[in-house]
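What follows is the residue order along each chain.
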Amino acid sequence: MYQLIDGKRISQEIKDELKEKVAKQGLKRCLAVIKVGNDPASGVYVNNKKKACEYVGIQSLSYELAEETTEEELLKLIEELNTKEDVNGILVQLPLPSHIDEDKVLLAIDPTKDVDGFHPVSVGNLSIGRPGYVSCTPAGVIQLLKRSGIEIAGKECVVIGRSNIVGKPMSMLLLRENATVTICHSRTRDLKEVTKRADILVVAIGKPRFVDETFVKEGAVVIDVGIHRNENGKLCGDVDFDKVAPHTSAITPVPGGVGPMTIAMLMHNCVEGI
Ligand code: GUN
């Protein structure tokens, strides 16, 4: 029987620990959340982030800007927030409208306030093992593993996906935990041959139910970072859970696995800083 890795419970545990710390130590934290345009999914994410701030005891400032906002206006707002002493975190919800250069915007955020961990300085610090903010979703995966009692050191870890937000930082974090790490992507020649080597398989490929049991070694741990809506409007991941789960020793469900961890780790970044 496999272990179901409960992201809902673990994310709640992390938020409760942070809430207690903020209250006990009287910490003053303030997160500025910027959203540009009317993307409905972004609206939901931003609201959930604001709610989590309230729960933990972090002040949040909300900037909901119109779709027509220019890059210059957005950069000016970020500059203002960079210099505001009482703001210790700045988050620009992605994606941005197509007339705005995302890289330029992320680069404008002061790395000491980069709670999303997307700034090149944060990414660079992670890759050379220096302190810095770490991207929330991969940081959440590490917490899921650790808090489920799954050893990482010395394990063969395979990450499917090489995005800047998940795949690359995920690999760096696993490496930092002393795993042997392989990154696979769309040009990997014999994907299954590689994924079947994994003791821990992290799937962040962005294709609904792409991974079935033929990708997985018997007894592996499988972490599913994907989230999609299927034909019937039901949420599913990159992994075909029903086919894969019986072959694993532990697996994350979708929903209720990696998803809730992203916001918990954002709260962690806001409270703990670098
Ligand atoms: N869009 C989707 N996920 C994220 C995230 O973690 N942070 C930000 N800023 N935007 C996102």
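Right above here is the structure, for reference.
This section reports on the structure supplied with the text. (Residues numbered from 1 in each chain as written. Predicted model: local features only at pLDDT ≥ 70, side-chain atom pairs only at ≥ 80, totals over all residues. Heavy atoms only, no water.)

Strands belonging to one sheet form pairs held by backbone hydrogen bonds; the direction of such a pair is parallel or antiparallel. Strand order in this open sheet of six strands is S1-S11-S8-S7-S5-S6, and the pairing throughout is parallel. Among the strands making up the open sheet, the edge pair consists of strand S1 (3–4) and strand S6 (180–184). Where strand S8 (residues 220–224) meets strand S11 (residues 248–251), three bridges bridge the pair, whose relative direction is parallel. Bridge pairing links Val222 to Ile251 in S11. Contacting strand S5 (156–160), S6 and strand S7 (200–203), helix H7 (residues 167–176) runs over the sheet at an angle of about 170 degrees to S5. (Pairing = 2+ DSSP bridges. Helix = DSSP H or I, 4+ residues; strand = E, 2+ residues; numbered from the N terminus. Contact = heavy atoms within 4.5 Å. Axes fitted to C-alpha atoms, helices over the stretch in contact; angles between N-to-C directions.)

Taken together, Lys49, Leu91, Val92, Gln93, Leu94, Asp116 and Phe118 make up the full set of residues adjacent to the ligand. Residue Leu94 places a main-chain N or O atom 2.9 Å away from a nitrogen atom belonging to the ligand. Residue Asp116 places a side-chain N or O atom 2.6 Å away from a nitrogen atom belonging to the ligand. Protein coverage of the free-state accessible area of the ligand, which is 280 Å², stands at 79%. Looking at the shell around the ligand, its residues break down into four nonpolar, one polar and two charged. (Near = heavy atom within 4 Å. Polar contact = N/O pair within 3.5 Å; in protein donor to acceptor, adjacent residues only side chain to side chain. Areas by Shrake-Rupley, 256 points an atom, 1.4 Å probe, with all protein chains shown as cover. Nonpolar A, V, L, I, M, F, W, Y, C, P; charged D, E, K, R; others polar.)

With respect to the secondary-structure elements, Pro260 resides in helix H10 (residues 259–272). For the pair Pro260 and Ile10, spaced 250 residues apart in the sequence, the C-alpha separation amounts to 8.7 Å. Once residues lying within four places of it in the same chain are set aside, the contact partners of Pro260 are Gly7, Lys8 and Ser11.

Turning our attention to the sheet that holds strand S3 (residues 59–65). Read across the open sheet, the three strands follow the order S3-S2-S4; overall the sheet is parallel. Of all the strands in the sheet, the pair left with one neighbour each is S3 and strand S4 (89–92). Strand-to-strand twist of the sheet, defined as the mean angle between neighbouring strand axes without regard to direction, takes the value 15 degrees. Relative to S3, strand S2 (residues 30–36) is paired through seven bridges, and the arrangement is parallel. Within S3, the position partnered with Leu31 by the bridge is Ser60. Along the sheet face, helix H3 (residues 71–83) touches S2, S3 and S4 and points at about 180 degrees away from the line of S2.

This brings us to the packing of helix H1 (residues 7–25) against helix H6 (residues 136–147). With their axes 10 Å apart at the nearest point, H1 and H6 run at an angle of 100 degrees to one another. It follows from the interaxial angle that H1 and H6 lie roughly perpendicular. Taken together, the residues of H6 that come into contact with H1 (itself represented by Gly7, Ile10, Glu13, Ile14 and Glu17) are Gln143, Leu144 and Arg147. Considering only residue class, the contact of H1 with H6 consists of three nonpolar, two polar and three charged. (Parallel < 35°, antiparallel > 145°, perpendicular 65-115°, else oblique.)

Moving on: unusual backbone geometry. The residue after Leu94, namely Pro95, is reached through a cis peptide bond having omega 5 degrees. Looking at where Pro95 falls in the secondary structure, it is placed in the loop between S4 and helix H4 (102–108). Following Val254, the chain continues to Pro255 via a peptide bond in cis, the omega torsion being 0 degrees. Relative to the assigned elements, Pro255 resides in the loop between S11 and H10. The phi dihedral of Asn178 falls on the positive side, at around 70 degrees, and the residue is not glycine. Along the polypeptide, Asn178 turns up in the loop between H7 and S6. Of the residues examined, Asn178 reaches a relative accessible area of 54% and is grouped as exposed. Positive phi, close to 45 degrees, is recorded for Arg209, a residue that is not glycine. Here Arg209 lies in the loop between S7 and S8. Residue class for Arg209 comes out partly exposed when judged on its relative accessible area of 34%. (Buried < 20%, exposed > 50% of the residue type's maximum accessible area, 1.4 Å probe, protein only.)

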